[in-house]
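Listed below, chain by chain, are the residues.
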Amino acid sequence: MTSSAELQIPGYAAGTWTIDTVHSHVGFVIKHMMVSKVRGRFTSFSGEIRLADDPFASSVSVSIDATSIDTGNSMRDDHIRSADFFHAEEHPTLTFTSTGVRQEDGEFYVDGDLTIRGTTRSVTLTLEAPEFGPGLEGGKKAGFSATTEINRTDFGVSYNGPIPGGGVALADKVQIVLDVEADLSNKE
C-alpha cells in the first residue's frame, strides 16, 4: 500500500468539492434478455467530496433521487420506480457514504455504504486517479471516475421474469458507472 507521503497527484487541492450535476454522470449497465445491455442514468443527485491533506483521509457522500431514473424508455422507467424494483414511493433516495480510501497495487479504491431500497451494503468503488484543473471563472475543477459491480438482489431488487425457452429477463449483476466533475467550494 502506498503511504500518503509517497502519493503524488498533480493539482491536488484539499477542501470540500461540490458535485457539478450538469457535468456529471451517475449511471448503470445491466444485462437484458441474456443477450444485450441496457444502460440507465439518474438525472437528479447531489453530493460532496471532502479531500483531506492526507488523500487517504478523504470522504464522499452522495444522494440520488430514485425517481430520476432515465433509461430512455418511460414505461421501463416507471416500472423501475415501482415496488418491483426501487419502490421509490417508500424509498425515494439512494445514498453512498464512504468509509475509507485506499490504494493497492497502483489502484485507488473507495470503500463505503450503498443504500438502495432501504437496504445498506458495503461496496468498493474502483477509482481512476483524480484529475484537477482550473475552472472557467478562476475556481478549481476536479474529475473523478469510478466503477463497481453489485448484485441487485442483495438490495432487495429481486424482480425478474422468465424468458420462454429458458433464461431470465435481467441479470443479477449491475455495473455502476460514475463520472463526476466537482467544484472546489472551500479550501482546507
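As shown above, the structure is provided for reference.
Throughout this description, residue numbers start from 1 for each chain and increase along the sequence as written. Per-residue local features of the predicted model are confined to residues with pLDDT of at least 70, and side-chain atom pairs are confined, for both listing and counting, to 80 or more; whole-chain, interface and lining totals are unaffected and use all residues. For side-chain calculations, the full set of non-hydrogen atoms in the structure is used, while hydrogens and water are omitted.

Turning our eyes to something else, we now look at the overall build of the protein. For the purposes of this entry, the term helix denotes a DSSP run of H or I that reaches at least four residues, the term strand denotes a run of E that reaches at least two, and both are numbered from the N terminus. Assigned secondary structure in the protein consists of one helix and 12 strands. Computation of the radius of gyration draws on C-alpha atoms alone. For the globule rule, the value is 2.2 Å times the number of residues to the power 0.38. A compact globule built from 188 residues should have a C-alpha radius of gyration of about 16 Å, and the protein, at 18 Å, falls within 12% of that. Buried residues are those whose accessible area, probed at 1.4 Å on protein chains only, stays under 20% of the maximum for their type, while exposed residues exceed 50% and partly exposed ones sit between those limits. Across the 188 residues that make up the protein, the buried fraction comes to 40%. For the protein, the proportion of contacts with a sequence separation of at least 24, taken over those separated by at least 6, is 59%. Contacts: residue pairs with any heavy atoms within 4.5 Å of one another.

Our focus in this paragraph is the pattern of salt bridges. Here, a salt bridge means any Lys or Arg side-chain nitrogen found within 4 Å of an Asp or Glu carboxyl oxygen. A complete count under the given rule lists eight salt bridges for this structure. Where Arg50 meets Glu48, a salt bridge forms, and the shortest distance between an N and an O atom there is 2.7 Å. Given the relative accessible area of 44%, Arg50 is considered partly exposed. According to the relative accessible area criterion, Glu48 is partly exposed, its value standing at 27%. Residue Arg81 is joined to Asp78 by a salt bridge in which the shortest nitrogen-to-oxygen separation is 2.6 Å. Of this pair, Arg81 and Asp78 both sit in helix α1 (residues 74-81), separated by three residues, roughly a single helical turn. The network of salt bridges with shared partners includes Asp20, Lys141, Glu181 and Asp183.

One non-glycine residue, Asp105, lies in the positive phi region at around 50 degrees. Secondary-structure assignment places Asp105 in the loop between β7 (93-104) and β8 (107-116). Look at Asp105 and you get exposed, because its relative accessible area is 82%. Within the chain, Arg117 stands out as a residue other than glycine whose phi angle is a positive 55 degrees.

Before going further, it helps to examine the layout of surface pockets. Points on a 1 Å grid, built from protein atoms alone, make a cavity when a 1.4 Å probe fits but cannot get out and make a pocket when they are open with protein on both sides within 12 Å along at least 5 of 7 lines; residues with an atom within 4 Å of a point are the lining residues. Grid points are joined across faces, edges and corners, and a volume is the space filled by probe spheres set on the points. In this structure, the second largest pocket occupies an estimated 160 Å³ of space. Broken down by secondary-structure element, the contributors of at least two residues to the lining of the second largest pocket are β11 (140-151) and β12 (170-187). With three residues, β12 is the largest single contributor of residues to the lining of the second largest pocket. Three residue categories are used. Nonpolar comprises Ala, Val, Leu, Ile, Met, Phe, Trp, Tyr, Cys and Pro, charged comprises Asp, Glu, Lys and Arg, and polar comprises the others, including Gly. By residue class, the composition of the lining of the second largest pocket is three nonpolar, two polar and five charged.

Once that is clear, we can look at the packing of aromatic side chains. Note on aromatic contacts: the rings of Phe and Tyr and the six-membered ring of Trp form a pair at centre separations within 6.5 Å, being stacked when their planes are under 30 degrees apart, edge-to-face when over 60 apart, and tilted otherwise. For the coordinates displayed, the defined rule picks out five aromatic pairs. Measuring from ring centre to ring centre gives 5.9 Å for Phe42 and Phe86, while their planes differ by 35 degrees; the resulting arrangement is tilted. Note that Phe42 is positioned in strand β3 (residues 36-42) and Phe86 in the loop between α1 and β7, a separation of 44 residues in sequence. Comparing Phe42 with Phe86 shows no difference in burial state: the two are buried. The rings of Tyr12, Trp17, Phe132 and Phe144 are connected pair by pair, giving a single aromatic cluster.

Let us look at the side chain of Asp77. Mapped onto the elements of the fold, Asp77 is located in helix α1. Setting aside chain neighbours within four positions, we find Asp77 in contact with Ile69, Asp70, Thr71 and Gly72.

The next subject is the pairing of strand β9 (residues 119-127). Looking down a regular strand, the side chains alternate between one sheet face and the other. The sheet contact formed by β8 and β9 spans nine bridges and is antiparallel. When the sheet's bridge partners are listed, Gly112 is paired in β9 with Val123. Here, a strand pair is defined by DSSP locating no fewer than two bridges between the strands. Counted between consecutive antiparallel strands, the loop separating β8 from β9 contains two residues, among which Arg117 sits at a positive phi close to 55 degrees. Both β9 and β11 contribute to a ladder of two bridges, which runs antiparallel. When the bridges of β11 are listed, Leu127 appears paired with Ala146.

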